Amino acid sequence: GTGGELFKQAQALMGGNFEWMPTRRPGHAEELARDAATRHPVVVAMGGDGTVGDVCRGILGTDATLGIIPAGTGNDLARNIGLK
């Protein structure tokens, strides 16, 4: 659905110059983000509020910058900060 289309758009904009790491279970985004923050200056959460929260917890205390691609059902955070 929407997430797949947003992924295609992000891929087109970035020319495929990113590492895509899909989550497999609840809390997995936090683990992936923590690992990604050791290798990348920007870690992007593509999902809803839960995914964004997990990624935030994963990069907390690192130098990584958070990016958000709102692809959840509610996207309250993205809407409240003007992303959606």
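See the structure shown above.
What is the right way to read the packing of aromatic side chains from this model?
The geometry of an aromatic ring pair comes down to the distance between the two centres and the angle between the two planes. Using the criterion set out here, one finds two aromatic pairs in the structure. Residues phenylalanine 7 and phenylalanine 18 carry aromatic rings whose centres are separated by 5.9 Å and whose planes lie at 80° to one another, so their mutual orientation is edge-to-face. Here phenylalanine 18 lies in the loop between helix 1 (2-14) and helix 2 (28-36) and phenylalanine 7 lies in helix 1, a separation of eleven residues in the sequence.

Can you help me understand the side chain of histidine 28 in this one?
Mapped onto the secondary structure, histidine 28 falls in helix 2. What makes histidine 28 buried here is its relative accessible area of 11%. Within polar-contact distance, the side chain of histidine 28 engages the backbone nitrogen of arginine 24 at 2.8 Å. Once residues within four sequence positions are removed from consideration, histidine 28 is found in contact with Pro22 and Thr23.

Would you take a moment to explain the pairing of strand 1 (residues 42-47) for this structure?
Along any regular strand, the residues point their side chains to alternate faces of the sheet. The alternating pattern of strand 1 places Val43, Ala45 and Gly47 on a buried face, while none of Val42, Val44 and Met46, on the opposite face, is buried. In this sheet, strand 2 (residues 65-70) lies alongside strand 1 in parallel orientation, the contact comprising six bridges. Each residue of the ladder has a partner; that of valine 42, found in strand 2, is threonine 65. Note on the crossover from strand 1 through helix 3 (residues 49-59) to strand 2: the handedness is right-handed.

Mind showing me how you'd approach helix 3 here?
Owing to its 3.6 residues per turn, the α-helix brings residues three or four apart onto one side. Turning to helix 3, its buried residues number three or more, namely Val52, Gly53, Asp54, Val55, Gly58 and Ile59. Elements in contact with the buried residues of helix 3: helix 2, strand 1, strand 2 and helix 4 (76-80). Once helix 3 finishes, glycine 61 follows within two positions and takes phi at roughly 85°, a positive value.

What counts, and where the lines are drawn
Each chain carries its own residue numbering, running from 1 in the direction its sequence is written. Reporting of local features is limited, given that this is a predicted model, to residues whose pLDDT is at least 70; pairs of side-chain atoms are given and counted only at 80 or more, and all residues count toward the totals for whole chains, interfaces and linings. The side-chain values count all of the structure's non-hydrogen atoms but skip hydrogen atoms and water molecules. Pairing of aromatic rings covers Phe, Tyr and the six-membered ring of Trp, with a centre-to-centre limit of 6.5 Å; geometry is then stacked below 30 degrees between planes, edge-to-face above 60, and tilted otherwise. Strands are runs of DSSP state E lasting at least 2 residues, helices are runs of H or I lasting at least 4, and numbering of each runs from the N terminus. Relative accessibility under 20% of the residue-type maximum defines a buried residue, over 50% an exposed one, and the middle range a partly exposed one, all with a 1.4 Å probe and only protein chains included. Under the rule applied, a polar contact is a pair of N or O atoms within 3.5 Å (in protein, one hydrogen donor and one hydrogen acceptor; residues adjacent in sequence only if both atoms are side-chain atoms). When checking whether two residues touch, look at their non-hydrogen atoms; a contact exists if any pair is within 4.5 Å. Here a strand pair is declared whenever DSSP counts at least two bridges between the two strands. Here is how to tell: hold the view so the strands point away, follow the path from the first strand over the helix to the second, and if it runs clockwise the crossover is right-handed.

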